[in-house]
Amino acid sequence: MSAASHFSMTYREARDRFLQAARAAGARVNHHEHPLTGPGGEVLATDVARIGPKDARYILGIGSGTHGVEGYCGSGIQTALLSEGFGRNLPPDTAAIFIHAINPYGFAWNRRVNEDNVDLNRNFLDHTKPHPENPGYEELAEAINPRDLSPEAMAESREKMKAYAEKHGHPAMQHALSAGQYTHADGVQYGGREPVWSNRTLRAIIREEMGAAERVIFVDIHTGLGARGTGEMICTDPETADTFKRMKTWWGPIVRSTVGGGSISSDVPGSIPVCFAEELAGREVTSGGLEFGTVPIREVTVALQSDNWLHQNGGHKNPKAEEVAKTIRDAFYIDADDWKEAVTAQTREVCAAALRAFKT
Ligand SMILES: [Zn+2]
């Protein structure tokens, strides 16, 4: 069976397939049920499938759906790996843990953010302290969040962002747009003011499933940045850090640092690696984001703007809801076999190299 056949077009279908593959692979499965439901009234959950000994010293974790709708990719890959027997050839003392739909609400409702309009990957910080500032976002807030989706309003928004990029450079523009903000709760890229459900749930999963391990490698699958079907392993530490050096040794040229290391991603606060480092302090933890390109960045930006406009205008009750949801899904997931095969093949390699790393 081809890898592409394991990908789905709805969260419900993706979850069913994942759970079926996990059970067929003999995994121990845990469900962390979300308080809300999906568009069809279906249960939303972060599901965890574990293969390997309970007290494994080495753990490879593979995550999907941190950014909701990006879960179509990660879920398909997880299901493909489980189905092709990935867990059958684990080295001694090693467990593989698949965390499915870390942000199930966003996945089911085709949003990148969660039920609180929060970008989960900006939410892992100390909310009792002052939140990071993003002056570029403040300056561009109106352009980033246009009043409507008319061609005029979108053209105006594009012009303003273009002017900002010309004045401050593209990295500054990308930072303004994607590095998160903590001031506009209804805006794009909101990082939240308290730990959200997925933050608390992921921390509980890490403690429960990985707390006894000595070495943990976590690969979180994302989409939307980079060239179509091409993967980059994003490291949020600088190139001088041990984590970066380890990643480089295992995964080679696909590894880039967000701290001046030429990554396709901005240096963002409050991302997933923070929570792994905190929950597994004292252990060797290596947490990276495996990011796959989909469509040109301009289309991704328009999808995010459309999503946010919908959120501010009645959400799924708006007559345009279905159309917007489709725009977003198509920006973060390519329904084409060659893309699905490419992203699965690259993740397979990344995972194989991670397992080899445990032997060194
Ligand atoms: Zn993402």
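The structure we're discussing is the one just above.
Residues numbered from 1 in each chain as written. Predicted model: local features only at pLDDT ≥ 70, side-chain atom pairs only at ≥ 80, totals over all residues.

## Points about the overall build of the protein chain
Looking only at helices and strands, the protein chain features 12 helices and eight strands. Over its C-alpha atoms the protein chain spans a radius of gyration of 19 Å, differing by no more than 12% from the 21 Å that the globule rule assigns to 360 residues. Projected onto its principal axes, the C-alpha coordinates of the protein chain cover approximately 60 × 45 × 40 Å. In the protein chain, which comprises 360 residues, the proportion classed as buried is 52%. Taking as baseline every contact in the protein chain between residues at least 6 positions apart, the subset at least 24 positions apart corresponds to 77%. (Helix = DSSP H or I, 4+ residues; strand = E, 2+ residues; numbered from the N terminus. Rg over C-alpha atoms; globule rule 2.2 N^0.38 Å. Buried ≥ 20, exposed ≤ 12 C-beta atoms within 10 Å, placed from the backbone. Contact = placed C-beta atoms within 7 Å.)

## Thoughts on the pairing of strand β1 (residues 28–37)
Direction of pairing for β1 relative to strand β2 (residues 43–51): antiparallel, over a ladder of seven bridges. Along β2, the bridge assignment pairs His31 with Asp47. (Pairing = 2+ DSSP bridges.)

## Looking at the sheet that holds strand β4 (residues 94–100)
Taken together, the eight strands give an open sheet; going across it, the order is β1-β2-β4-β3-β5-β8-β6-β7, and neighbouring strands pair in mixed fashion. The sheet terminates laterally at β1 and β7 (255–257), the two strands that pair on one side only. In this sheet, neighbouring strand axes are inclined to one another by 25° on average, regardless of whether the strands run parallel or antiparallel. Contacts from helix α8 (residues 242–251) reach β6 (231–235), β7 and β8 (284–293) within the one sheet, and its direction differs from that of β6 by about 160°. (Axes fitted to C-alpha atoms, helices over the stretch in contact; angles between N-to-C directions.)

## Some thoughts on the environment of His316
Within the secondary structure layout, His316 lies in the loop between α10 (297–312) and α11 (321–332). Look past the residues within four positions of His316 in its chain and what remains in contact with it is Pro39, Trp109 and Ala321.

## Examining the packing of helix α4 (residues 135–144) against helix α6 (residues 170–178)
Put simply, α4 and α6 touch, their axes get as near as 9 Å, and they point 75° apart. Accordingly, the angle class assigned to the pair α4 and α6 is roughly perpendicular. Side by side, α4 and α6 meet where Gly136, Tyr137, Leu140 and Ile144 of the first sit next to Ala172, His175, Ala176 and Leu177 of the second. When the residues that make up the contact of α4 with α6 are grouped by side-chain class, the tally is six nonpolar, two polar and no charged. (Parallel < 35°, antiparallel > 145°, perpendicular 65-115°, else oblique. Nonpolar A, V, L, I, M, F, W, Y, C, P; charged D, E, K, R; others polar.)

## Side note on the pairing of β4
Extensive coverage of β4 is indicated by the burial of seven of its seven residues. Going residue by residue along β4, you find Thr94, Ala96, Phe98 and His100 tucked away on one face and Ala95, Ile97 and Ile99 tucked away on the opposite face as well. Where β2 lies against β4, five bridges are found, and the strand directions are antiparallel. Looking at the pairing, Arg50 lines up with Ile97 of β4. In the sheet, strand β3 (residues 58–63) pairs with β4 via six bridges, with the strands oriented parallel. Bridge assignment links Ile62 to a residue of β4, and that residue is Phe98. Handedness of the crossover joining β3 and β4 through helix α2 (residues 71–83): right-handed. (Right-handed = clockwise from strand over helix to strand, strands pointing away.)

## Looking at the environment of Leu90
Looking at where Leu90 falls in the secondary structure, it is placed in the loop between α2 and β4. A C-alpha to C-alpha distance of 8.7 Å links Leu90 and Ile51, two positions 39 residues apart in sequence. Excluding residues within four positions of it along the chain, Leu90 makes contact with Ile51, Gly52, Ala96 and Leu355.

## As for unusual backbone geometry
At Asp93, a position not held by glycine, the phi torsion is positive, near 65°. Assignment of secondary structure puts Asp93 in the loop between α2 and β4. Note on Asp93: 16 C-beta atoms within 10 Å, which makes it partly exposed. Even without being a glycine, Asn117 presents a positive backbone phi close to 60°. Counting through the fold element by element, Asn117 comes out in the loop between α3 (104–108) and α4. In this structure Asn117 comes out as buried when scored by C-beta crowding, with 22 C-beta atoms within 10 Å.

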